[in-house]
There are 4 protein chains.
Amino acid sequence: MCPRTAKAYEALREASKEKIMQAALEIFARYGFEKSSIRQIASHGEVSLGLMYNYFNSKEDLLIAICQRSMEDVAASFSEANQAGTAKEKLERLVKSSFEILAEHRDFWQVFYSLRSQPGLKERLPESFISWHSAIQAQLKAYLSELQHPNPEAAAWLLFATIDGVAQHNIWESNYPLEHVLDELLKTYLGVDYVTA
Amino acid sequence: MCPRTAKAYEALREASKEKIMQAALEIFARYGFEKSSIRQIASHGEVSLGLMYNYFNSKEDLLIAICQRSMEDVAASFSEANQAGTAKEKLERLVKSSFEILAEHRDFWQVFYSLRSQPGLKERLPESFISWHSAIQAQLKAYLSELQHPNPEAAAWLLFATIDGVAQHNIWESNYPLEHVLDELLKTYLGVDYVTA
Amino acid sequence: MCPRTAKAYEALREASKEKIMQAALEIFARYGFEKSSIRQIASHGEVSLGLMYNYFNSKEDLLIAICQRSMEDVAASFSEANQAGTAKEKLERLVKSSFEILAEHRDFWQVFYSLRSQPGLKERLPESFISWHSAIQAQLKAYLSELQHPNPEAAAWLLFATIDGVAQHNIWESNYPLEHVLDELLKTYLGVDYVTA
Amino acid sequence: MCPRTAKAYEALREASKEKIMQAALEIFARYGFEKSSIRQIASHGEVSLGLMYNYFNSKEDLLIAICQRSMEDVAASFSEANQAGTAKEKLERLVKSSFEILAEHRDFWQVFYSLRSQPGLKERLPESFISWHSAIQAQLKAYLSELQHPNPEAAAWLLFATIDGVAQHNIWESNYPLEHVLDELLKTYLGVDYVTA
DNA sequence: TATGAATGAGCGTTCATTCAT
DNA sequence: AATGAATGAACGCTCATTCAT
């Protein structure tokens, strides 16, 4: 009835999927996952209700797909960002790039933080969602070890919490003075020489 | 003419209200506000579905009542905690008491954090819920000023974010090494002498 | 516990019953039977919820009691009103007294008309509620017969419908020109001499 | 790409809307608006409970849609009916066609009359619902003026009330002798020559 | 592939009614 | 006689999901 080449089909599929995921991310960020309706998303993405179910088995599936893809983006950005020189430079780069990534994927992080604090859902999210915590934690610890921090384990936890806290305040508060806080953060955590301290 | 005394009614009312609020707090903490149903709360509190509406005008009203009461408890605990000596001691006490309060009102803070990251609801919560941020922020800044911190504003933001971040990690992660992280936190923020630094 | 003389009890009973019925009639008239709640009535009558159920078995029972008593009042007023002279005078008196009774029991008639047009309820109302129709109809027919109307049966139906229609318009429309319409009514139905017509 | 055609969808929509409106009208007429439940309507119309909300925003919206459409039908029938010759003929035609329309839309008029006497609802019904009164009133007055009635204003009110009263008696009473009453009505209001009277 | 009409479980809420005191 | 706390069936409504085309 509607003949098209296989390739054209594939392109359409990808375009539709992309449109849906982008629309869903925007709606989830604005209204929260629970309060977003499938109809809202379909309408925002200019896609029919039924089409969504061709690509995603459920609302939750759609969320998972979004998280997965965004997490991959984030991971890629992170590994790009962490190539440079000394331990101190790498740690500084890690912190700074975190906030660059945050700014680039603002909608996603809004969703991320609202999901993380919603019990009962995060358990069903993809592994990458959970493992992100321990991954960043491990990397921080490694850098702090390299810097000869006397207690790299606890310091890594602390630094991670700090980054996480600043990130959230930055997202939830309009006019958050990110620049100043970031300066202060780097001064506090990297301004001292752990060897002589 | 000879019904229960007014006092007996008052006691009944208070008992029921308390039962409902406690049940609701537990359910909200476990499943999140949106995903908690009135039926769940009623059943968990072993009261009838409709009883809630004798005391609270709506599900949201119930949430607000819980937040209000918890916030009052928290504020009382905080002001108790901040009487002590030097600026350094007061700051240390503030940080430590924060985590004591967190432990004492675990369920409430779980709800608090999940609400804070939910767009569209926090706007309708009581003023105390919103002003808590700036209140604690102001106090931190005052203490850091007293300690002669060169940049008390930014440092207060940073310390607040750190406390917030640690609090959340402590809530969401089982087996969070709070003791060690807290030690590290105090060492990092209070172990230096800002005047000579 | 609460000793009182039998007589004092009876007085209390009657006073309470009266208060409840009056309150209910006012609420029913203002909001309609379905939309009036038992709580509204209790509160309006300054009586406890439970007390109402000492006197009336249900909301519907209360309505029935009100209708019964009001109908008795109305019937009494009617029989008082219809003693006078010639057929023409009696008919005129009947029509006029109808509207006097309407004005005196405005709340009741509001309820009456809203119930009459509500299917499913009027069937369960007391007999007097139903028989009122045929009673007035019969009386009108008798008077018209006396006046030698060529078709007293149909004319009675018509006159009754007219009275009923005017009564309702008078109740539902504010500023209804009842005086003028009533004049016109009497002129139309009584201004002709059926014998010579 | 190859779903149903737009026209096929439109047909489906119209069929469902029609089914729902018809079912609702019947249920509203039988039980009254307040006592009719959405589930009753859905079940009577053999559609799902939720389907109604695809087409109507609320139960009240459904009522409004029904009233609007019925009122349009009624208005069309009326304007068809009022083309004829002399004033007397036109007035006679107006009265007669009123009762033809009543018979054709029995269910609607039952609903109409029960709504009109229900406080608090009629205010939210469409304008046409309210203005119908004054429209018919004005027309009656115009005809009576043409007939040289000495007091066309009051007579129009009276005639309208009569028509209204007869219509209601005809609806609420089974075996109402409409023919005879209608004859009597026409004789009473049109059998006299106002000029010489 | 793509559509949107259709479904119905489950939600928050109301309110007549019961009952221990 | 009198109270009002407590109950739970039933309401209007929402929305993720299914399915015929």
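Residues numbered from 1 in each chain as written. Chains lettered and ligands numbered in written order. Predicted model: local features only at pLDDT ≥ 70, side-chain atom pairs only at ≥ 80, totals over all residues. Heavy atoms only, no water.

K.L.:
Let's hear about the overall build of chain A: which residues, and what values?
P.N.:
The helix and strand inventory of chain A stands at nine helices and zero strands. When the helices and strands of chain A are read in sequence order from the N terminus, they spell out α-α-α-α-α-α-α-α-α. Taking the principal axes of the C-alpha coordinates as reference, chain A spans close to 75 × 35 × 30 Å. Counting across all 197 residues of chain A, residues that qualify as buried make up 52%. In chain A, 20 positive and 26 negative side-chain charges are present, and the distance between their average locations comes to 6 Å. (Helix = DSSP H or I, 4+ residues; strand = E, 2+ residues; numbered from the N terminus. Buried < 20%, exposed > 50% of the residue type's maximum accessible area, 1.4 Å probe, protein only. Lys, Arg positive; Asp, Glu negative; His and termini not counted. Charge placed at Lys NZ, Arg CZ, Asp CG, Glu CD.)

K.L.:
Account for the arrangement of the chains, with residues named and values stated.
P.N.:
Note that chain A does not reach chain C: the shortest distance linking a C-alpha of one to a C-alpha of the other is 32 Å. Chain B makes no contact with chain D; the smallest distance between any of their C-alpha atoms is 21 Å. (Contact = heavy atoms within 4.5 Å.)

K.L.:
Could you give an account of the domain arrangement of chain A, with specific residues and numbers?
P.N.:
Residue and element names in this part refer to chain A. Examined at the domain level, chain A breaks down into domain 1 (1-56) and domain 2 (60-197). If you average the C-alpha positions of domain 1 and of domain 2, the two centres end up 30 Å apart. Contact with domain 1, which involves 13 residues of that partner, is made by 14 residues of domain 2. Buried area between domain 1 and domain 2, summed over both chains or domains, comes out near 1300 Å², and the portion from carbon and sulfur atoms is 76%. (Domains from an automatic or database assignment. Buried area = accessible area lost by both parts, 1.4 Å probe.)

K.L.:
Account for the relation of the copies chain C and chain D, naming residues and giving values.
P.N.:
Relating the two copies of this chain is a rotation about some axis coupled with a shift parallel to it. Overlaying chain C with chain D gives an RMSD of 0.4 Å, the required rotation being 178° about an axis along which the chain moves by 0.1 Å. Interpreted geometrically, this transformation is the action of a two-fold axis. Mapped onto chain D, 100% of the interface residues of chain C again fall at the interface, so both copies present the same surface. (Least-squares fit on C-alpha atoms with pLDDT ≥ 70 in both.)

K.L.:
Can you explain the relation of the copies chain A and chain B? Please cite residues and give values.
P.N.:
For the match of chain A to chain B, the screw axis carries a shift of 0.0 Å, the RMSD comes to 0.4 Å, and the turn is 178°. Here 100% of the contact residues of chain A are again contact residues in chain B; the copies associate through an equivalent surface.

K.L.:
A description of the interface of chain C and chain D should follow, citing residues and the corresponding values.
P.N.:
Contact with chain C, which involves 38 residues of that partner, is made by 39 residues of chain D. Counting the surface lost from both chain C and chain D, the interface buries some 3300 Å², and carbon and sulfur atoms represent 62% of this. The largest contributions to the chain C side of the interface with chain D come from W157, L158 and H169 of chain C, which together make up 18% of the buried area. There are zero salt bridges connecting chain C and chain D. Viewed at the interface, chain D and chain C are joined by nine residue pairs in polar contact (both at pLDDT 80 or more). Put simply, the parts of the chain that give the side of chain C that touches chain D at least two residues each are α1 (6-31), α6 (106-116), α8 (152-172) and α9 (178-190) of chain C. Residue contributions to the side of chain C that touches chain D peak at 13 residues, all from α8 of chain C. Taken together, the residues that form the side of chain C that touches chain D break down as 17 nonpolar, 13 polar and eight charged. (Salt bridge = Lys/Arg side-chain N within 4 Å of Asp/Glu carboxyl O. Polar contact = N/O pair within 3.5 Å; in protein donor to acceptor, adjacent residues only side chain to side chain. Nonpolar A, V, L, I, M, F, W, Y, C, P; charged D, E, K, R; others polar.)

K.L.:
Residues and numbers for the interface of chain A and chain B, please.
P.N.:
Every contact between the two is made by 38 residues of chain A and, on the other side, 39 residues of chain B. When chain A packs against chain B, close to 3200 Å² is buried across both sides, 62% of that on carbon and sulfur atoms. When the area that chain A buries against chain B is broken down by residue, the three leading residues are W157, L158 and H169 of chain A, summing to 18%. Counting the contacts that link chain A with chain B gives zero salt bridges. The interface formed by chain A and chain B holds nine residue pairs in polar contact (both at pLDDT 80 or more) in total.

K.L.:
Summarise the nonpolar core; cite the residues concerned and give the values.
P.N.:
By size, the foremost hydrophobic cluster in this structure holds 134 residues, and its most contacted members are W109 of chain A together with W109 of chain B. Residues within four places of W109 of chain A in sequence aside, it is in contact with V74, I101, L102, W132 and I171 of chain A. The next biggest cluster of nonpolar side chains, apart from the first, holds 133 residues, and it includes I101, L182 and Y189 of chain C together with I163 of chain D. (Core = buried A, V, L, I, M, F, W, Y, C linked by side-chain atoms within 4.5 Å.)

K.L.:
How would you summarise helix α7 (residues 127-146) of chain D if you had to cite specific residues and measurements?
P.N.:
Spanning 20 residues, α7 of chain D covers 28 Å between terminal C-alpha atoms, matching the ideal 28 Å at 1.5 Å per step. The largest bend along α7 of chain D reaches roughly 30° and is located at H133 of chain D. Here α7 of chain D has its buried residues at F129, W132, H133, I136, Q137, L140, Y143 and L144 of chain D. Packing partners of the buried residues in α7 of chain D comprise α8 of chain C together with α4 (59-81), α5 (87-104), α6 (106-116) and α8 (152-172) of chain D. Looking at the residues trailing α7 of chain D, positive phi occurs at Q148 of chain D, about 65°. (Expected span 1.5 Å × (residues − 1). Bend = angle between axes of the 7 residues up to and from the residue.)

K.L.:
Can you tell me about the pattern of salt bridges, naming the residues and giving the values?
P.N.:
All names here are of chain B. Under the counting rule described, the total for this entry stands at 31 salt bridges over all chains. Here E153 makes a salt bridge to K141, at a shortest N to O gap of 3.0 Å. Placement of E153 in helix α8 (residues 152-172) and of K141 in helix α7 (residues 127-146) is noted, with a sequence separation of twelve residues between them.

K.L.:
Outline the packing of aromatic side chains, listing residues and values.
P.N.:
Residues and elements named next belong to chain B. Going through the model one piece at a time under the given rule, you end up with 44 aromatic pairs over all chains. Measuring from ring centre to ring centre gives 6.1 Å for F108 and F112, while their planes differ by 55°; the resulting arrangement is tilted. Taken together, the positions of F108 and F112, both in helix α6 (residues 106-116) and four residues apart, correspond to about one turn of that helix. Here F108 matches F112 in class, with each residue buried. A centroid spacing of 6.1 Å and a plane angle of 40° characterise the contact between W109 and Y113, whose relative ring orientation is tilted. Separated by four residues within a single helix, W109 and Y113 lie in helix α6, roughly one turn from each other. (Phe/Tyr/Trp six-rings, centres within 6.5 Å; stacked < 30°, edge-to-face > 60°.)

K.L.:
Describe the environment of I163 of chain D, listing the residues and the values that go with them.
P.N.:
Residue and element names in this part refer to chain D. Here I163 shows up in helix α8. For I163, a relative accessible area of 8% puts it in the buried group. In this structure, the C-alpha to C-alpha distance between I163 and A24, residues 139 residues apart in sequence, is 27 Å. With residues near it in sequence (within four places) discarded, I163 still touches V95, S98, F99 and L140.

K.L.:
Explain the packing of helix α9 (residues 178-190) of chain A against α8 of chain B residue by residue, including any values.
P.N.:
With their axes 9 Å apart at the nearest point, α9 of chain A and α8 of chain B run at an angle of 75° to one another. The angle between α9 of chain A and α8 of chain B falls in the class roughly perpendicular. Taking contact as the criterion, the partners of H180, V181, E184, L185, T188 and Y189 of chain A in α9 of chain A are, on α8 of chain B, A154, A155, W157, L158 and T162 of chain B. (Axes fitted to C-alpha atoms, helices over the stretch in contact; angles between N-to-C directions. Parallel < 35°, antiparallel > 145°, perpendicular 65-115°, else oblique.)

K.L.:
Give me the environment of L94 of chain B: which residues, what numbers.
P.N.:
Residues and elements named next belong to chain B. Relative to the helices and strands, L94 is located in helix α5 (residues 87-104). Take L94: its relative accessible area is 1%, and that puts it in the buried class. Taking the C-alpha atoms as reference points, L94 and Q118, separated by 24 residues in sequence, lie 27 Å from one another. Discounting chain neighbours no more than four positions away, the residues touching L94 are F78, N82, Q139, L140 and Y143.

K.L.:
Got a sec to walk through helix α9 (residues 178-190) of chain D? Specific residues and values, please.
P.N.:
Each full turn of the α-helix corresponds to 3.6 residues, which orients residues three or four apart in the same direction. Compared with the 18 Å implied by 1.5 Å per residue over 13 residues, the 17 Å span of α9 of chain D between its first and last C-alpha is a close match. Taken as a whole, α9 of chain D has its buried residues at L178, V181, L182, E184, L185, L186, T188, Y189 and L190 of chain D. Its buried side turned inward, α9 of chain D meets α8 and α9 of chain C together with α5 and α8 of chain D.

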